[in-house]
Amino acid sequence: MKTIDELLAEGVAGKRVFVRADLNVPLDGTTITDDGRIRAVRPTVSALAAAGARVVVASHLGRPKGAPDPAFSLAPAAARLGELLGSEVAFATDTVGESARATAAALTDGQVAVVENLRFNAGETSKDDAERGAFADQLAELADLYVGDGFGAVHRKHASVFDLPARLPHAAGGLIATEVGVLKKLTEDVARPYAVVLGGAKVSDKLGVIDHLLEKADRILIGGGMAYTFLKAQGHEVGISLLQEDQVPAVQGYLKRAEELGVEFVLPVDVLVAHEFPDLKTKAPAHPTTVAADAIPADQEGLDIGPATRELYAAKLADAATVFWNGPMGVFEHPDYAEGTKAVAQALVDSPAFSVVGGGDSAAAVRILGFDENAFGHISTGGGASLEYLEGKTLPGLAALED
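I will try to describe carefully the structure that is included in this document. (Residues numbered from 1 in each chain as written. Predicted model: local features only at pLDDT ≥ 70, side-chain atom pairs only at ≥ 80, totals over all residues. Heavy atoms only, no water.)

1. Some words on the environment of Y337
Now for step 1: Of note, Y337 is situated in the loop between β15 (322-326) and α12 (339-350).
Now for step 2: For the pair formed by Y337 and I305, sequence separation is 32 residues and the distance between their alpha carbons is 8.3 Å.
Now for step 3: Residues contacting Y337, with those up to four places away along its chain left out, are L272, A274, P278, A286, P288, L303, D304, G330, V331 and F332. (Helix = DSSP H or I, 4+ residues; strand = E, 2+ residues; numbered from the N terminus. Contact = heavy atoms within 4.5 Å.)

Shown next, in the form of structure tokens:
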């Protein structure tokens, strides 16, 4: 896999370089609420521009249905990238149409442009190879070289991620190189004890990584909405908590297998419960109560791990040498249910372990809750991509960058 350093050494001055970034940032209207992914790709874009390249940045944002939708415009991300670069960034109002072609053609050495949301074109995500390839052909006309640096999308077999690198000389950007290097530390010659913290809403999203990590981890800590499927698998009442009943047999199998392998599964011992889900817009006081994890009232739902579980999890992380964390412990967006996620983050800050925060909501949470990003070993930009890598899957976007 060619690196961006090798590409720069060969010379990029005067060449148009297509950078597949991940600018899929959360928006409140047109206001970016977490610019972490834009900041993560800035060094690659900046290095190319400084070397005289004419940089065309492209990304997806959200899930538009293959057609333009103003709610998913990349204009706010383009503006923010310009602020971070300290220079104006041109913005094309389409992906491969007249605006994109004119914008790319007008670039001079060292200038940067962003084209509109790639998913405004159905060819980007099409499962039909020919349709995807036709869109990749159009994208290839915008540039001379390709740099893949959108780690959050490398697990997708999409036109700009998988098909386009085959049409242009290509290299991996600095962000992808860093992400892959970090993930290798979680899969090859791992420093032990190795603790994994998994949270988030659905256990079905994590089954693959649990299956794979049972062979690698020393202990696995479970929180978030997925914890209630584990508690149900142990025969406990979970009330109206988030539950994937169809996954209970699979979870029971993992708990049995973990016991056979000597892997410690750590589940909540107490939880915060309420009669209804909190209002995340007004953040009105929710007045939760704390109950034992095996005593959740039938008419209430669990929304965060409780104080005893926070202490337990902190203790289980204190002596770890390596920690991978993906998924919040509760509804961290509401202050009454943020303490569990905050406790895990603080435990990683306090631990000497090499800690990796696995993207997605976990990465957003540490920033929203006010933690210094530099206090963690690494904060990934790709939750789904990180999980699939740890599952041992071949990621299309990485395979496409191999020579």
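The discussion continues.
2. Here's the deal with empty space enclosed by the protein
Now for step 1: Under the definition given, this model contains one cavity of 30 Å³ or more.
Now for step 2: Taken as a whole, the largest cavity encloses approximately 60 Å³ of empty space.
Now for step 3: In this structure, the largest cavity is lined by R20, Y146, G148, D149, G150, A153, V154, V161, I176, G397 and L401.
Now for step 4: Of the residues assigned to the lining of the largest cavity, the class counts are six nonpolar, three polar and two charged. (1 Å grid on protein atoms, 1.4 Å probe; cavity = no way out; pocket = protein on both sides within 12 Å on 5 of 7 lines; lining within 4 Å. Points joined across faces, edges and corners; volume = space filled by probe spheres on them. Nonpolar A, V, L, I, M, F, W, Y, C, P; charged D, E, K, R; others polar.)

3. Things to note about unusual backbone geometry
Now for step 1: Omega for the bond connecting R192 with P193 falls within 30 degrees of zero, at 5°, which places this linkage in the cis form.
Now for step 2: Take P193: it is sitting in the loop between α7 (174-185) and β9 (194-198).
Now for step 3: Non-glycine residue K283 carries a positive phi angle of around 55°.
Now for step 4: Relative to the helices and strands, K283 is located in the loop between β12 (270-274) and β13 (289-292).

4. Comments concerning the sheet that holds strand β14 (residues 301-305)
Now for step 1: Taken together, the three strands give an open sheet; going across it, the order is β13-β12-β14, and neighbouring strands pair in antiparallel fashion. Looking along the sheet, the strands with just one partner apiece sit at the ends: β13 and β14. Across the sheet, the mean angle separating the axes of adjacent strands is 45° when strand polarity is ignored. (Pairing = 2+ DSSP bridges. Axes fitted to C-alpha atoms, helices over the stretch in contact; angles between N-to-C directions.)

5. Here we look at the packing of aromatic side chains
Now for step 1: Using the criterion set out here, one finds three aromatic pairs in the structure.
Now for step 2: Ring centres 6.0 Å apart and planes at 10° place the aromatic pair F18 and Y146 in the stacked group. Here Y146 lies in strand β7 (residues 145-148) and F18 lies in strand β1 (residues 16-20), a separation of 128 residues in the sequence.
Now for step 3: Seen from their ring centres, F371 and F376 are 6.2 Å apart, and the 70° between their planes marks the pair as edge-to-face. Just as F371 is buried, F376 falls in that class too.
Now for step 4: Taking NZ or CZ as reference, K185 lies 4.7 Å from the ring centre of F354, over its face. (Phe/Tyr/Trp six-rings, centres within 6.5 Å; stacked < 30°, edge-to-face > 60°. Buried < 20%, exposed > 50% of the residue type's maximum accessible area, 1.4 Å probe, protein only. Lys NZ or Arg CZ within 6 Å of the ring centre and 35° of its normal.)

6. Points about the pairing of β15
Now for step 1: Among the five residues in β15, five count as buried, and that is most of the element.
Now for step 2: On β15, burial covers both faces: T322, F324 and N326 on one face and V323 and W325 on the other are all buried.
Now for step 3: Alignment of β9 against β15, held across five bridges, turns out to be parallel. Within the sheet, the bridge partner assigned to V197 lies in β15 and is W325.
Now for step 4: Sheet analysis places β15 next to strand β16 (residues 354-357), joined by four bridges and oriented parallel. Paired with T322 across the bridge in β16 is F354.
Now for step 5: Handedness of the β15-α12-β16 crossover: right-handed. (Right-handed = clockwise from strand over helix to strand, strands pointing away.)

7. Side note on the sheet that holds β16
Now for step 1: Spatially, six strands are ordered β11-β10-β9-β15-β16-β17 in an open sheet, and the strand pairing comes out parallel. Only two strands of the sheet have a single partner each, and these edge strands are β11 (264-266) and β17 (378-379).
Now for step 2: Contacts from helix α11 (residues 307-318) reach β9, β10 (219-222), β11 and β15, with the element oriented near 155° to β10.

8. Concerning helix α2 (residues 36-50)
Now for step 1: In a regular helix each residue adds 1.5 Å, so 15 residues correspond to 21 Å; α2 covers 22 Å between its end C-alpha atoms and thus fits that length.
Now for step 2: Residue R42 marks the point of greatest curvature in α2, where the axis turns by about 35°; the proline P43 follows within four residues.
Now for step 3: Where α2 is concerned, the buried positions are G36, I38, V41, T44, V45, L48 and A49.
Now for step 4: Trailing α2 by a residue or two, G52 shows a phi angle of about 90°, which is positive. (Expected span 1.5 Å × (residues − 1). Bend = angle between axes of the 7 residues up to and from the residue.)

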